[in-house]
Amino acid sequence: MITCIGFDADDTLWQNETFFRLTEARFIDLLGGDPGLTDRLHEAEKRNLGHYGFGVKGFMLSMIETAIEATEGQVGAPVIAEIMAMGREMLRHPIHLLPGAEEVVRALAQDHRVIVITKGDLLDQERKLAQSGLGDLFHGVEIVSDKTPETYARAFARHGAGAETAMMVGNSLKSDVIPALQAGAWGVHVPHALTWAYEHAEPPLAAPRFRVINSLLDLPNLVNGLFTYNR
Ligand SMILES: [Mg+2]
C-alpha cells in the first residue's frame, strides 16, 4: 500500500529542460555559432556541479566560464552581461504545467500524502512552486542539493511511513527513480522528450518496484492498481 507519493518538479510537473536548451542555443549564437561549444558547456556544467549545485545560477556561471575559455580570455563585458541577462530571464520564466499535473496531484492528495522532492536553486524552486498554483496541494516540499537513496529514506520517513510504503514519480531515472528504488520505495518513470544528458541512466528493469508510465495522467490507475493487487 502506498501512503506517501513524492513528485519530482522540473519536467515532471512543469517544463524546464526546454528553457535550458533555448538558452543554450542563444548562448552558442552569441559566441559565433560554433556547435562544439555545446560539449564544452556541458563539460563545464558537470565539472561545476559539486561547487554550484543544480539550477540556473550554476548554469549561468558555467556559460560565463565557457565563454572565457572559448575566446581565450577575449570575451567582452557586453557578452558577459548578455549571458547574465539570459540567466535572469530563465529565473523569471513563467510556469508551463505538464499535462495532468494539477488533476493528478489533486486526485492523489485525497488518499495519500503527496510531497515535492526537487533539486535546484532554493529561491527558484520556491518561486516556481508558488507560481505553479500547485503549492497548496502538497503536504510537504523538500528542496534538496542532490537526490540519493538517503534523501528519499529521510523524506519518506519525515512525511510518510517510510520508503517501504512510498512512491517516487519523476522524469529522471538517475535522480528520481533509481535512488528511490534503492531506498526501498516504488520508482515510477514518466519520460520527458527532453532530458539533460547528465540525468541519463539505464532503466532498472530487474527492480520489482520499477514502473514506467507515458503520462502523469496514467498515475492514478497505477497507484490504484497496486493497492488492489496488494490487498
Ligand atoms: Mg526532473
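Above this text you will find the structure in question.
So, here's what we can say about the structure. (Residues numbered from 1 in each chain as written. Predicted model: local features only at pLDDT ≥ 70, side-chain atom pairs only at ≥ 80, totals over all residues. Heavy atoms only, no water.)

### As for helix 2 (residues 37–52)
Okay, step 1: Its axis deflected by about 30° at Lys-46, helix 2 carries its strongest bend there.
Okay, step 2: Those residues of helix 2 that sit buried are Leu-37, Leu-41, Ala-44, Glu-45, Asn-48 and Leu-49.
Okay, step 3: Considering only its buried residues, helix 2 is in contact with helix 1 (17–30) and helix 3 (56–70). (Bend = angle between axes of the 7 residues up to and from the residue. Helix = DSSP H or I, 4+ residues; strand = E, 2+ residues; numbered from the N terminus. Buried < 20%, exposed > 50% of the residue type's maximum accessible area, 1.4 Å probe, protein only. Contact = heavy atoms within 4.5 Å.)

### Overview of the side chain of Ser-175
Okay, step 1: Position of Ser-175 relative to the elements: it lies in helix 8 (residues 173–183).
Okay, step 2: For Ser-175, a relative accessible area of 5% translates into the label buried.

### A look at the packing of helix 3 against helix 4 (residues 77–91)
Okay, step 1: Between helix 3 and helix 4, the shortest axis-to-axis distance is 10 Å and the interhelical angle comes to 160°. Here helix 3 is positioned roughly antiparallel relative to helix 4, judged by the angle of their axes. Seen along the crossing, helix 3 lies across helix 4 with a hand that is right-handed. Within the contact between the two elements, helix 3 uses Val-56, Phe-59, Met-60, Met-63, Ile-64 and Ala-67 and helix 4 uses Ile-80, Ile-83, Met-84, Met-86, Gly-87, Arg-88, Met-90 and Leu-91.
Okay, step 2: Grouping the amino acids of the contact of helix 3 with helix 4 by side-chain chemistry returns 12 nonpolar, one polar and one charged. (Axes fitted to C-alpha atoms, helices over the stretch in contact; angles between N-to-C directions. Parallel < 35°, antiparallel > 145°, perpendicular 65-115°, else oblique. Left-handed = near helix turned anticlockwise from the far one by under 90°. Nonpolar A, V, L, I, M, F, W, Y, C, P; charged D, E, K, R; others polar.)

### Looking at the coordination of the magnesium ion
Okay, step 1: Coordination of the magnesium ion by the protein is provided by Asp-8 (OD), Asp-10 (O) and Asn-171 (OD1), with metal-donor distances spanning 2.1 to 2.2 Å.
Okay, step 2: Summarised as a motif, the one-chain spacing of the donors to the magnesium ion is D-x1-D-x160-N. With Asp-8 in the loop between strand 1 (4–7) and helix 1 and Asn-171 in the loop between strand 4 (166–170) and helix 8, the pair connects residues that are 163 residues apart, well separated along the chain. The exposure classification of Asp-8 matches that of Asn-171, with both residues buried. (Donors = N, O, S within 2.8 Å, 3.2 Å for Na, K, Ca; no water.)

### Description of unusual backbone geometry
Okay, step 1: Not every positive phi belongs to a glycine, and Asp-11 is a case in point at roughly 65°.
Okay, step 2: Checked against the element boundaries, Asp-11 lands in the loop between strand 1 and helix 1.
Okay, step 3: Overall, Asp-11 belongs to the buried group, its relative accessible area being 6%.
Okay, step 4: One non-glycine residue, Glu-72, adopts positive backbone phi at about 50°.

Keep in mind these numbers describe shape, not what the thing actually does.
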